[in-house]
Each structure stands twice: as C-alpha cells, then as structure tokens.
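# Chains, contacts and geometry: an overview
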Amino acid sequence: MANAKIALLFGFVLVASALATDPSADDCEAAVERCSPTYSSFLPRGDKTVENDLRQYTSQLVDKSFHFLIMSSAFNKHSLDRPGFEKLYRKMSDKAWEDAVGLIKYQSRRGSFGNLVKPKKDSKYDKVLDVQELSSLQFALDYEKTLAKEAHAIHRKVSHAHSKVSANGSEDVYHYDPDAAHYLDEKIIEYQSGTVRDLAGYIHNLKQFTEKQQPASDLGNHLFDEYLAKAE
C-alpha cells in the first residue's frame, strides 16, 4: 500500500514537472486574454517553431500547384496534344492546392495564422513551359522528392521528445508535437511516397518506349499518353 502511494505521488510530481516546463500551462488561469489553442511546438519562439515550418511548407505547396498547372497547360497546346500528361500534372496541381488549404486550416485549428511567405527556392516557371514527355516526368519526380524530404525533416523535428535542458534549467518543449506529426503522416507523407513510386515507374517505362531516338519514339509517347489518360 505504501509503495502504491509512493508511485502515485511520483506520478503527480512528473505531471507537475511537465506542466511547469510548458510556458503555456497556466496562461489561461493567469489572464483571459491569454486563453488560446496555442501550445507545444506552436508556442511563439522566433523562427524555430513548427508553425513557421508549416507556413513555409504551405507556401511551397502553393508554388508547386502553379508550377504543375502551367506544365499541364503546356501539354494542351495544338503542337503538343498530350491529354494524359495534362491530366497527370493537373491532378498533381490540384492535390498540392488541396494540401495547402488543408495546412492553412490545420494551422488555424492550432491557434496560428496560415499566412503565406516567400518560398525558399526561387520559382522557375519558364522551365515548365519548355518540356518534353520524359523530361517533364523527371522534373516532376525531383520536385516531389524535394517536398517529401522537407516534410520528413519537419516530421523528424516534431516526432521525438529530446528533453534538451535550457540555460534556466527547464526542458525544451517547443519542438515536440505528436499532433502535427500525425497530420503530416496522414495527409502529406503517405501520398508523397505513392506518388514518388508512380513517377519513378512512369519514367522507366517511358524510357523503354523512346530510348535511343527510335523511329517509333513518337508512337511510344502517344501510347504512353493514352495510358495516362485512362489511369485513375
């Protein structure tokens, strides 16, 4: 019985210690103006919170949406009529836009403002207007893998409690956020791994149709485009 009481008391001490390291724990009781849904890695702390990472990532998704929308239109010209490629890139554009809207809503749910910022990399819209079938798939794969790796980097930051002790003796509670990690898992990362796999397969299959500038390479592009047009 005595051991049980000691274990229970120890549990209360751990909970109290955890709350003490979170600057937002007693905010609402201290003042009504401080009552908000903001906590964990969404707490204000310069540019080192997941809030800032998600803002940047949301902006990159918007940029991706426009990139692939333009690339989709490039395959709908009279001189390059490829409805399958147009469908593929429009679908990727729509998904990026949908993910950006979803991330803005998620940030709002966590007490943040989902405003857009300048993406890390400068946009190169002229590149997506001058594409061929195979090179466009290569561009799409590299683009998707870049965003996937950035999503993994954010996920890594918020997935583990490292218990880093600061100068004042309190633990670092700003980086750990399992809720944000779960959102990225379910809404972003799972889709990306499937898309990367599909694009890599498309590249290797199309290369077999068109390698070494065979006389039938135009026919190969046409047949592969028909396949993309029929794919879901």
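Residues numbered from 1 in each chain as written. Predicted model: local features only at pLDDT ≥ 70, side-chain atom pairs only at ≥ 80, totals over all residues. Heavy atoms only, no water.

This paragraph deals with a nonpolar patch on the surface. A contiguous nonpolar surface patch, about 340 Å² in accessible area, is contributed by Phe66, Leu69, Trp97 and Val101. Listing elements by their share of the nonpolar patch, those giving two or more residues are helix 3 (50-74) and helix 4 (83-109). Tracing the sequence through the fold places Leu69 in helix 3. Residue classification places Leu69 among the partly exposed residues on the basis of a relative accessible area of 33%. (Patch = residues over 30% accessible without salt bridge, like charges linked within 9 Å, V, L, I, M, F, W, Y side chains within 5 Å. Areas by Shrake-Rupley, 256 points an atom, 1.4 Å probe, with all protein chains shown as cover. Salt bridge = Lys/Arg side-chain N within 4 Å of Asp/Glu carboxyl O. Helix = DSSP H or I, 4+ residues; strand = E, 2+ residues; numbered from the N terminus. Buried < 20%, exposed > 50% of the residue type's maximum accessible area, 1.4 Å probe, protein only.)

Bringing the pattern of salt bridges into the picture now. Enumeration according to the criterion identifies 8 salt bridges in this entry. Between Glu144 and Lys64 there is a salt bridge, with the nearest N and O atoms lying 2.7 Å from each other. With a gap of 80 residues between them, Glu144 in helix 6 (residues 133-159) and Lys64 in helix 3 connect regions that are remote in the sequence. In this structure, Glu144 and Lys64 share a single accessibility class: buried. A salt bridge links Asp177 to Arg110; the nearest nitrogen and oxygen atoms lie 2.7 Å apart. A residue pair is termed long-range when its members are at least 10 positions apart, and Asp177 in the loop between helix 6 and helix 7 (178-210) and Arg110 in the loop between helix 4 and helix 5 (125-129) qualify at 67 residues. With a relative accessible area of 1%, Asp177 lands in the buried category. When salt bridges with common partners are traced through the structure, they connect Arg109, Arg110, Asp177 and Asp179 into a single cluster.

The next subject is the environment of Ile70. Along the polypeptide, Ile70 turns up in helix 3. When the C-alpha positions of Ile70 and Ser93 are compared, they lie 9.0 Å apart, and in sequence the two are 23 residues distant.

For Ser72, the position within the fold is in helix 3. Classification of Ser72 as buried rests on a relative accessible area of 0%.

Looking at the chain, pLDDT values average 80 and 73% of them are 70 or higher. Predicted confidence in the chain is weakest over helix 1 (residues 2-21), with a mean pLDDT of 40, and strongest over helix 4, with 95. Confidence drops under a pLDDT of 50 for residues 4-21, and excluding neighbours within four residues, the segment shows 3 contacts in the predicted structure. (pLDDT = per-residue confidence, 0-100. Contact = heavy atoms within 4.5 Å.)

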